[in-house]
Amino acid sequence: MKIGIAGAGVLGRLLAWQLGSAGHTVTVFDPALGPGWSADTTLARAAGFTAAGMLSPLAELECANVAVAGLGWRTLALWPARLAELAALGRRTGDTELSTIEAAFSQLGSLLVAHGGDRGSAQRLLALIAAKVPDRVPRALDAAALAQTEPALARSLLAWQLDGEGHIHTVAVLAALARGAAQLGVNFVWGRSVQDVQPGRIDAEAFDWVFDVRGTGARPDLPVRGVRGEVFWLHAPGVLLQRPLRLLHPRHRVYMVPRPGERIVIGASEIESEDRSVVSLRTTVELLAAAHSVIPELSEARVIWSEANLRPALPDNLPLRETRDGLVRINGLFRHGWLIGPALVEQALAALSL
């Protein structure tokens, strides 16, 4: 079939890769000037580039329902399969960047941590998780177990391990999905802002099926809003962190996610604003101080990048997937794009037998 995709974020690239793999003729439109990450924050970029890539269905139950968590568990099974397919293509074509992409995913579990004074907040979240999914209760770690699991963390922390969770290198995987899809013949039209999406049509071009995955760009067709998130990249030589973790902080959902090259991503503020300007002083001070309180060795780390972007959210903060003849819309993934995107794509393609 001839298929058009409006939007080249996580969803758009997954769709392009899978539909191209199935032999369809696929065209993707996106306002970004190219497929890769850019240091120029004035240019359009997918929200997926800014995300740290924490894949945490249990911890996200704080702001999501059981259905979202279910999509998350399914996604944790799908990411290894998708990356294995990309790596196999890389080996066939001699593309070393693709052939090693499986290393971008890790599933060693994640940690919830809290300072002693925030024990009450931690217990409320643990009770919420237990009420929603009683068969997946986080495991408490004493000081000795925490030191063995993540030696760099402050010994005074309260900690719980969330088995089965993981993380993904978002920048590397977005690049790999576009690279792999292009090798399969997918046509990416960069620098193109789609103005009108209708069943079987993107602007003036006709298709058998159209997928609208534009995030905040889908307005006014959907009541989607942008929720500002801010992140930092730290270079921390000698600081070992193997698992993503979330600090139960009274003001923020603070997470820390390891990246290759002795880097750690710190986030995230969540602000009801569509301001895309640079990271605020308040966020800088509060998030980095919180991170240092968890890993004291970060005192000598270097802040090498900070960034703000907008997460697409619907009024109920839940994802939407709707289908009518010739058109599929998927939107409102909020803070869960990497966590639920592959599962939503799987559902959409299965429903259409594509």
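Parameters at a glance
- Residues numbered from 1 in each chain as written.
- Predicted model: local features only at pLDDT ≥ 70, side-chain atom pairs only at ≥ 80, totals over all residues.
- Heavy atoms only, no water.
- Helix = DSSP H or I, 4+ residues; strand = E, 2+ residues; numbered from the N terminus.
- Rg over C-alpha atoms; globule rule 2.2 N^0.38 Å.
- Buried < 20%, exposed > 50% of the residue type's maximum accessible area, 1.4 Å probe, protein only.
- Contact = heavy atoms within 4.5 Å.
- Areas by Shrake-Rupley, 256 points an atom, 1.4 Å probe, with all protein chains shown as cover.
- Pairing = 2+ DSSP bridges.
- Salt bridge = Lys/Arg side-chain N within 4 Å of Asp/Glu carboxyl O.
- Phe/Tyr/Trp six-rings, centres within 6.5 Å; stacked < 30°, edge-to-face > 60°.
- Lys NZ or Arg CZ within 6 Å of the ring centre and 35° of its normal.
- Axes fitted to C-alpha atoms, helices over the stretch in contact; angles between N-to-C directions.
- Left-handed = near helix turned anticlockwise from the far one by under 90°.
- Nonpolar A, V, L, I, M, F, W, Y, C, P; charged D, E, K, R; others polar.
- Core = buried A, V, L, I, M, F, W, Y, C linked by side-chain atoms within 4.5 Å.

Regarding the overall build of the chain
Part 1 of the argument: In terms of regular secondary structure, the chain is built from nine helices and 20 strands.
Part 2 of the argument: At 20 Å, the chain has a C-alpha radius of gyration in line with the 20 Å of a compact globule built from 354 residues.
Part 3 of the argument: If you line up the chain on its principal axes, its C-alpha atoms span 60 × 45 × 40 Å.
Part 4 of the argument: A total of 354 residues make up the chain; the buried ones form 55% of that total.
Part 5 of the argument: The contacts in the chain between residues at least 6 apart in sequence include a share of 75% that link residues at least 24 apart.
Part 6 of the argument: Roughly 14,200 Å² of accessible area belongs to the chain as shown, and the carbon and sulfur atoms make up 53% of that amount.

As for the sheet that holds strand β8 (residues 166-168)
Part 1 of the argument: Strand order in the open sheet formed by three strands is β3-β8-β4, and the pairing between neighbours is antiparallel. Among the strands making up the open sheet, the edge pair consists of β3 (54-55) and β4 (105-106).
Part 2 of the argument: The pairing of β4 with β8 spans two bridges and is classified as antiparallel. Note that in β8 the partner of F105 across the bridge is I168.

Let's talk about the pattern of salt bridges
Part 1 of the argument: By the definition in use, this model includes 25 salt bridges.
Part 2 of the argument: For R74, the salt bridge is made with E346, and the minimal N-O distance between the two is 2.6 Å. You can see R74 sitting in helix α3 (residues 66-93) and its partner E346 sitting in helix α9 (residues 337-352), a full 272 residues away along the chain.
Part 3 of the argument: With a relative accessible area of 38%, R74 lands in the partly exposed category.
Part 4 of the argument: The salt bridge involving E274 is made with R219; its shortest N-O contact spans 2.7 Å. Here the residue E274 occupies a position in the loop between β17 (263-267) and α8 (281-294), and R219 occupies one in the loop between β13 (209-212) and β14 (225-235), the gap between them amounting to 55 residues.
Part 5 of the argument: With relative accessibility at 37%, the residue E274 sits in the partly exposed group.

What to know about the packing of aromatic side chains
Part 1 of the argument: In the structure shown here, the tally under the stated rule is six aromatic pairs.
Part 2 of the argument: Feature note: the residues W37, W233 and W305 constitute an aromatic cluster, connected by ring pairs.
Part 3 of the argument: R259 extends its terminal NZ or CZ atom over the ring of W233, reaching a point 5.7 Å from the ring centre.

As for the environment of W17
Part 1 of the argument: Looking at where W17 falls in the secondary structure, it is placed in helix α1 (residues 10-21).
Part 2 of the argument: Among residues more than four places away in sequence, those in contact with W17 are R82, E85, L86, L89, L177, G180, A181 and L184.

Some words on the packing of α1 against helix α7 (residues 170-183)
Part 1 of the argument: For the pair α1 and α7, the least separation of the axes is 9 Å and the interaxial angle reads 30 degrees. You can see that α1 and α7 cross each other, and the crossing is left-handed. Every residue of α7 that contacts α1 at V10, R13, L14, A16 and W17 is listed here: L174, A175, L177, A178, G180 and A181.
Part 2 of the argument: A breakdown of the residues in the contact of α1 with α7 according to their chemical character gives nine nonpolar, one polar and one charged.

With respect to the environment of I129
Part 1 of the argument: With respect to the helices and strands, I129 occurs in helix α5 (residues 119-132).
Part 2 of the argument: Remark: the alpha-carbon pair of I129 and E60, spanning 69 residues in sequence, is separated by 9.2 Å.
Part 3 of the argument: Those residues within four positions of I129 in sequence are excluded, and the remaining contacts are L58, L61, L112, P134, R136 and P138.

Quick word on unusual backbone geometry
Part 1 of the argument: Omega for the bond connecting R219 with P220 falls within 30 degrees of zero, at 5 degrees, which places this linkage in the cis form.
Part 2 of the argument: Although it is not a glycine, N317 adopts a positive phi angle of roughly 60 degrees.
Part 3 of the argument: Summarising the element assignment, N317 is placed in the loop between β18 (302-313) and β19 (320-324).
Part 4 of the argument: With a phi close to 55 degrees, F334 is a non-glycine residue in the positive phi region.
Part 5 of the argument: Within the secondary structure layout, F334 lies in the loop between β20 (327-331) and α9.

Some words on the pairing of strand β7 (residues 158-162)
Part 1 of the argument: The buried fraction of β7 is high, at five of five residues.
Part 2 of the argument: Across five bridges, strand β5 (residues 110-114) lies against β7 in antiparallel orientation. In the sheet register, L112 faces β7, and the bridge partner there is W160.
Part 3 of the argument: Inspection of the sheet shows strand β6 (residues 139-141) paired to β7 by three bridges, in the antiparallel sense. Paired with A140 across the two strands is W160, which belongs to β7.

Remarks on the nonpolar core
Part 1 of the argument: Within the largest apolar cluster, 79 residues are counted, with the highest numbers of intra-cluster contacts made by I5, W79, L112, V173 and F211.
Part 2 of the argument: Considering every element that reaches this core, the biggest residue donor is α3, with 11 residues.
Part 3 of the argument: Among residues more than four places away in sequence, those in contact with I5 are G12, L15, A16, L19, V26, T27, V28, F29, I202, F211 and V213.

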